[in-house]
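Okay, here's what each chain looks like letter by letter:
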Amino acid sequence: YTHTLSGNSEDEVDFPYSSYSYNTIVKTIANAQQAGEIRNNRDPADLAFTLQHLFRGVLFTWAAANGTFDLSERFRYVFDTLLDVADTAHNGEKE
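Predicted model only: the values in this text are computed from it and were never measured. (Residues numbered from 1 in each chain as written. Predicted model: local features only at pLDDT ≥ 70, side-chain atom pairs only at ≥ 80, totals over all residues. Heavy atoms only, no water.)

Draft legend 1. Highlighting the nonpolar core. Judged by nonpolar contacts, Y22, V26, I29, A32, I38, L47, A48, L51, L82, L83 and V85 together constitute the single largest core of eleven residues. Element by element, the count of residues in this core is highest for helix 3 (residues 22-34), at four residues. (Core = buried A, V, L, I, M, F, W, Y, C linked by side-chain atoms within 4.5 Å. Buried < 20%, exposed > 50% of the residue type's maximum accessible area, 1.4 Å probe, protein only. Helix = DSSP H or I, 4+ residues; strand = E, 2+ residues; numbered from the N terminus.)

Draft legend 2. Quick look at the packing of aromatic side chains. Following the criterion strictly, the structure yields three aromatic pairs and no others. Between the aromatic rings of Y17 and Y22, the centroid separation amounts to 5.2 Å while the plane-to-plane angle is 80°, which identifies the pairing as edge-to-face. Among the residues examined, Y17 registers a relative accessible area of 51% and is labelled exposed. Residue Y22 is classed as buried on the basis of its relative accessible area of 7%. Measuring from centroid to centroid gives 4.6 Å for F55 and F75, while their planes differ by 50°, and the two rings are tilted. (Phe/Tyr/Trp six-rings, centres within 6.5 Å; stacked < 30°, edge-to-face > 60°.)

Draft legend 3. Main features of helix 3. Taking 1.5 Å as the rise per residue, helix 3 with 13 residues should run 18 Å; its terminal C-alpha atoms sit 19 Å apart, in good agreement. Of all the positions in helix 3, only Y22, V26, I29, A32 and Q33 are classed as buried. Looking straight down helix 3, one finds that the buried residues subtend no more than 135° of arc, so they occupy a single side. Counted as exposed and oriented over 90 degrees from the buried face of helix 3: N23, T24, K27 and Q34. Considering only its buried residues, helix 3 is in contact with helix 4 (44-64) and helix 5 (71-83). Phi turns positive one or two residues past the end of helix 3, at G36, with a value near 80°. (Expected span 1.5 Å × (residues − 1). Arc of directions from axis to C-beta. Contact = heavy atoms within 4.5 Å.)

Draft legend 4. Representation of the environment of I25 within the structure. Along the chain, I25 turns up in helix 3. Residue I25 is classed as partly exposed on the basis of its relative accessible area of 21%. Once the C-alpha coordinates of I25 and L51 are considered, the two residues, 26 residues apart in sequence, prove to be 9.2 Å apart. In this structure, I25 is in contact with A48 and Q52, ignoring residues within four places of it in sequence.

Draft legend 5. Structural view of the packing of helix 3 against helix 4. In contact at an axis separation of 8 Å, helix 3 and helix 4 are set at 120° when each is read in the N-to-C sense. Looking at the two axes, helix 3 sits oblique to helix 4. Here helix 3 runs over helix 4; the crossing is right-handed. Contacts between helix 3 and helix 4 pair Y22, I25, V26, I29, A30 and Q33 from the former with P44, A45, L47, A48, F49 and Q52 from the latter. (Axes fitted to C-alpha atoms, helices over the stretch in contact; angles between N-to-C directions. Parallel < 35°, antiparallel > 145°, perpendicular 65-115°, else oblique. Left-handed = near helix turned anticlockwise from the far one by under 90°.)

Such coordinate-based values are descriptive only and should not be taken to indicate function.
Below, the structure is given as structure tokens:
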């Protein structure tokens, strides 16, 4: 963990491109844009890049706060705000 934070890891230099999920996230965003579920029409690769950095920031903030806020609620807020998720994409889930 300390090694990762120090920036000495090659994977960290290439984050999020080196993330195993990056390409899947890009494809998922593109598909959701085409379906009208995501209204932010920026390049899916740019959105995936930003989303992964935002999620990492939320995780670090949550850890620094000793888990004092609801992580899933915060993730949902960041996700919905960045991507401009259509209400119908939530499949009836509570906002």
